[in-house]
Amino acid sequence: MSTDNTTDASTETESKCGASEARSASESASGTAASEAETDTASKCGASSASSSTETTPDTGDDSASKCGASSSSSSSSSSSSSCGASSSSESDEEEVGSTVDDFDAEPGRLIAVGLGPGQPEGMTARARSALLDAEHIVGYTTYVELLPDEITDGADDIYNTPMCGEVSRTEEAIDRALAGNDVAIIGSGDPNVYALAGLALEIIESKGATATMLDFDVVPGVPAAQSCAARVGAPLVNDTVSISLSDHLTDMPTIESRLHAAAKEGFTITIYNPWSRKRRDNYEKCCEILLEHRDPETPVGVVHAAGREDEQVEIVELGELPELGETDLVDMTTTLLVGNEDTYVWDDRMVTPRGYETKYDY
Ligand SMILES: C[S@@+](CC[C@H](N)C(=O)[O-])C[C@H]1O[C@@H](n2cnc3c(N)ncnc32)[C@H](O)[C@@H]1O
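Model, not experiment: these values are computed from the prediction.

## Let's talk about helix 6 (residues 198–207)
Alright, step 1. For helix 6, the complete set of buried residues consists of A198, A201 and I205. All buried residues of helix 6 lie within an arc of 60° about the axis, which places them on one face of the element. Helix 6 presents E206 and S207 as exposed residues on the side facing more than 90 degrees away from its buried surface.
Alright, step 2. Looking at the buried residues of helix 6, the elements they touch are strand 6 (110–115), helix 5 (167–179), strand 9 (183–188) and strand 10 (218–220).

Right under this line is the structure:
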């Protein structure tokens, strides 16, 4: 196995993709620093490999190169290069897809998008574990790669990890490796269908002139944060529910606000993803304001930080307390909020959202 080993050392944690994923360099997720800075990309297997500004052990091995017929690896600080006629991406907001299906001669391998669940190995489904044990190459965001159990990382031929952002180049890397004949898994937390890379993978496969069938593309579900976090506070989401992300990187704020109004006034329970970052303080404040416009300040809210990871914190608070939590360690980019509706109550330290059984049955 070879591992592209990137080091997280930035003290400034605002990311290039408009998101701030962590409060400080010392803040960690499951023992891994969540603050990361991308500076450059270089490819060794038909795509780009990223390194941070303080990369200490750049992988110059050619394990993966030999697997896809690629030849060289580069770690120049300002460019990305491809070894199998594949992608070249610059790590900016404007990531571009490089290679097309015609650039590859090999019989295509396989691509699966695998959801890891919340973080700890026992939170992963048996199917996800088995799919990752079978994968030759594993591609993912550094923090998620570090969450993988040793039996999986030790068994892979090559692991390609990049710091946060770079989703397009990372996904293209996975696709190029598969087009070059490798069996590849691209991983992410929770489920690949929830604010994650399953859709982007299909979009890029299409843009390359390839097909999902050609790559035997498959999605292996994982437990989404909404569900793993809900489980930690009881039964908050039992009835009709929606999820809304406060990240305005890919969805503009007026749309997010409109969705918050719609969900809040219709009585859905609401899971809030990506609730707070340094650059998005205003989004969080606006969200609290909108929720309080439609819901009682005493409405229970489950606040779950880093579910399944070393720094997990769980609290049940009242909606009226939410604004002041924005500036605490409890609420950041590894937190999920579970906002109750008008029927939700707290009993014995658990949130309960009745589904309506009590209206039909005596118990
Ligand atoms: C880009 S979304 C990815 C969601 C993921 N695909 C899923 O299915 O849960 C990232 C957001 O998911 C939530 N999240 C992911 N992992 C979490 C965890 N372990 N504990 C709490 N929230 C988490 C946070 O709201 C975070 O900002």
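## Quick notes on the sheet that holds strand 18 (residues 350–352)
Two strands in a sheet stick together by hydrogen bonds in their backbones, pointing the same way (parallel) or opposite ways (antiparallel).
Alright, step 1. With mixed pairing, the three strands of this open sheet are ordered in space as 11-18-17. Bordering the open sheet on either side are strand 11 (234–235) and strand 17 (345–347), each of which pairs with just one other strand.

## Notes on the packing of helix 5 against helix 6
Alright, step 1. One way to put it is that helix 5 packs onto helix 6 with a least axis distance of 10 Å and a crossing angle of 65°. As helix 5 runs across helix 6, the sense of the crossing is right-handed. Listed contacts from helix 6 to E167, V168, T171, E172 and I175 of helix 5 are L200, A201, I204 and I205.
Alright, step 2. Among the residues forming the contact of helix 5 with helix 6, the class breakdown is six nonpolar, one polar and two charged.

## A short note on the site of the ligand
Alright, step 1. As a structural note, the neighbourhood of the ligand is formed by 23 residues, with G190, V194, P224, A225 and A307 the closest of them.
Alright, step 2. When residues of the shell around the ligand are traced back to their parent elements, those giving at least two are helix 7 (225–232) and strand 16 (335–339).
Alright, step 3. Classifying every residue of the shell around the ligand by side-chain character gives 12 nonpolar, nine polar and two charged.
Alright, step 4. When residues are assigned to domains, the shell around the ligand turns out to be shared by domain 1 (101–223) and domain 2 (226–352), each giving three or more.

Analysis parameters
In this numbering scheme, every chain counts its residues from 1 along its sequence in written order. Side-chain atom pairs in this predicted model are given and counted only at pLDDT of 80 or more, local residue features only at pLDDT of at least 70, and totals for whole chains, interfaces and linings cover all residues. Three exposure classes are used. Buried residues have 20 or more other C-beta atoms within 10 Å of their own C-beta, exposed residues have 12 or fewer, and partly exposed residues fall in between, all C-beta atoms being placed from the backbone. Starting at the N terminus, helices and strands are each numbered in turn, a helix being any DSSP run of H or I of at least four residues and a strand any DSSP run of E of at least two. The directions considered for the arc are those from the helix axis to the C-beta atoms. We call two residues in contact if the C-beta atoms placed from their backbones are at most 7 Å apart. Think of it this way: DSSP has to see at least two bridges between two strands before they count as a pair. Geometry is summarised by axes, namely lines fitted to C-alpha atoms with helices restricted to the contacting stretch, and by angles between N-to-C directions that run from 0 to 180 degrees. Crossing handedness follows the turn of the near helix against the far one: under a right angle anticlockwise gives a left-handed crossing, and clockwise gives a right-handed one. Polar here means any residue outside two lists: the nonpolar Ala, Val, Leu, Ile, Met, Phe, Trp, Tyr, Cys and Pro, and the charged Asp, Glu, Lys and Arg; Gly therefore counts as polar. By definition, a residue lies near a molecule or strand provided its backbone-derived C-beta atom is within 6 Å of it. Boundaries between domains were set according to an automatic or database domain assignment.

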